[in-house]
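Structural overview for review
One letter stands for each residue in the lines below.
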Amino acid sequence: MKKLVPIVLIILLGSTILASCKSKTEDNTLTIGMELAYPPFETKDEEGNPTGVSVDLAKALGEYLDRPVIIENINWDGLIPSLQTGKIDAVISSMTITEKRREVIDFSEPYADAYLGLLVNKNSNINSIEELNQKGKVISVKKGTTGYLYATNNLMNTKINALSSENACVVEVTQGKADAFIYDQLTIYRQNKLNEETTKALLIPFQDSENWGIGVKKDNTELLNSINDFLKDFKENNGFDDITEKYLKEEKQTFDELDFPWFFD
Amino acid sequence: MRRKDRKPTLTNKIISVVLVILILVFFMWLSLNAIGLKLDFSTLLEYRQRLWQGFYMTIIISIGSLFMSLLIGSITAVGQKSNILTIKYLCKAYIQIIRGTPLLVQIFFFYYIIGTAWGVNNRYIAGILILSLFEGAYISEIIRGGLESIGSQQYEIARAIGLNSKKTFKFVTFPILMSHILPALTGQFASIIKDSSLLSVIAVIELTQTIQEITADNFRMFENYIFVGALYFILTFAVSLLSRMFERRYKHEYRTKKHL
């Protein structure tokens, strides 16, 4: 017992010192979180540097605010907690504004509209979202995405397999383990092109558009206002047209042919 | 009097346990305070049904894999000593490949390629099989090590006192083996419980998958993961208590008392 007392004291003292010596140096850097696994919006180039629509948007935001930008590659599930704990200043990661997310973080004005689509296995004879909502049908979704939220809220009869990556979801469909995969139209279109023999794409919108916003920590009004000013300015100066031209030329053509509304219109 | 000989009294033990808990709680409290995080576990209450199902599934998968991996491990441990070279090399190749690749890679490979090719489409069965194959390789090495640690004199003595091969196994090989490998085996069983969390990548709805789905809904990552960590700890702690019990059973003193 006598020996225990000093040990306890040392541990208590040590942890107090540890806790008090964390000093967060205030600097001007704007840290932006995104999951670099969603081409062509957030991805990496051959050298491993972040690239894509959201990356350009983040850089433009930094320029507008005259602050250096650091892009943090964070797993999708970790994006909102990173904001909450102040590890990052903003999330630009094709994140849809939802009511549930609004309860924990704040969103900027929407900067893009997206629709969900379906990647369907060719043998499963599904032609609409209604045909999917019945017993015996299986759907794959990526955990935490709006496709996942849509499926859990609307497809009550369907068996839902929530996987951690887009690729796993697609493999489930190509192998026939799942009848369909719900994700945004653009990814569905791209994955269908990659797997033309086994899948077909149902791109007809079956719900209202989803608005993408830039997320910030709750009550960080100052940053939120300047982000909204930036988005307005960026739109007026045709920034999104330049981005479309740079990353999404082919997709824009296809969307125009199908007469679908474009992300940034 | 040497201090080592003194056994700790019950009060001493209790005070120490309380102190340890206090230290851990205080450290946790300090850390949370430092980052200004408020935890609210009450949000988990509405998910209790799903949490229970996930917990239950983790137990099922762990127990299933425990028996399967013991079986696979025992067979391949003996197979490694086989006189038929093909069997010997096959067992050795299995162990090298499984021990040399990450579980995550094996899950994807066995589920999407081998599983699809051979029609194992049930993800729970596939999950148990994959986990058993993985842990079996480690258990195989543990058993092999245990078998090799039994000296040849033991068998000579057994023969000298007239034990037949069945009795030799029952009274010599098995108890010595058990007393040698139980601690390592316990660690491996705890690993099974923890490794089952990786099956969430193929959407097996066990504890980790459940918590990831809940996190996608309530965004309370910290509360969720701390809670799940505690649940896993309860399971692994139970395993180590059980093993402590078995360890005592295979001590020589205990067995001597029982059989004499």
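Residues numbered from 1 in each chain as written. Chains lettered and ligands numbered in written order. Predicted model: local features only at pLDDT ≥ 70, side-chain atom pairs only at ≥ 80, totals over all residues. Heavy atoms only, no water.

Looking at an unreviewed UniProt entry, chain B carries the name Amino acid ABC transporter permease, with the source organism given as Vallitalea longa. Database annotation for chain B, UniProt heading Subcellular location (unreviewed entry): "Cell membrane". In UniProt, chain B has this text filed under Sequence similarities (unreviewed entry): "Belongs to the binding-protein-dependent transport system permease family. HisMQ subfamily." (UniProt positions renumbered as here; feature names shortened; annotations may be inferred.)

In the annotation of an unreviewed UniProt entry, chain A is listed under the name Amino acid ABC transporter substrate-binding protein and assigned to Vallitalea longa.

1. Thoughts on helix 7 (residues 165-195) of chain B
Every α-helix winds through 3.6 residues per turn, so residues three or four apart in the chain are directed the same way. Helix length check: helix 7 of chain B (31 residues) gives 38 Å between terminal C-alpha atoms against 45 Å at 1.5 Å per residue, more than 12% under. For helix 7 of chain B, the principal kink sits at I181 of chain B and spans about 50°; a proline, P183 of chain B, occurs within the next four residues. (Helix = DSSP H or I, 4+ residues; strand = E, 2+ residues; numbered from the N terminus. Expected span 1.5 Å × (residues − 1). Bend = angle between axes of the 7 residues up to and from the residue.)

2. Looking at the confidence of the model for chain A
Confidence along chain A averages 89 in pLDDT terms, with 91% of residues attaining 70 or more. Ranking the elements of chain A by mean pLDDT puts helix 1 (residues 4-20) of chain A last with 64 and strand 5 (residues 90-91) of chain A first with 96. (pLDDT = per-residue confidence, 0-100.)

3. Details of the pairing of strand 1 (residues 30-34) of chain A
For a regular strand, side-chain orientation follows a simple rule: the groups alternate between the two sheet faces. All names here are of chain A. Along strand 1, 5 of the 5 residues are buried, which leaves the element largely enclosed by surrounding structure. Where burial is concerned, the two faces of strand 1 agree: the one with L30, I32 and M34 and the one with T31 and G33 are both buried. Bridging between strand 1 and strand 4 (residues 69-73) involves 5 bridges; their strand directions are parallel. Within the sheet, the bridge partner assigned to L30 lies in strand 4 and is V69. (Buried < 20%, exposed > 50% of the residue type's maximum accessible area, 1.4 Å probe, protein only. Pairing = 2+ DSSP bridges.)

4. Concerning the side chain of T158 of chain A
Residue and element names in this part refer to chain A. Checked against the element boundaries, T158 lands in the loop between helix 6 (146-154) and strand 10 (159-163). Within polar-contact distance, the side chain of T158 engages the backbone oxygen of L132 at 3.0 Å. Residues in contact with T158, not counting those within four places in the same chain, are L132, N133, Q134, K137, V138 and I139. (Polar contact = N/O pair within 3.5 Å; in protein donor to acceptor, adjacent residues only side chain to side chain. Contact = heavy atoms within 4.5 Å.)

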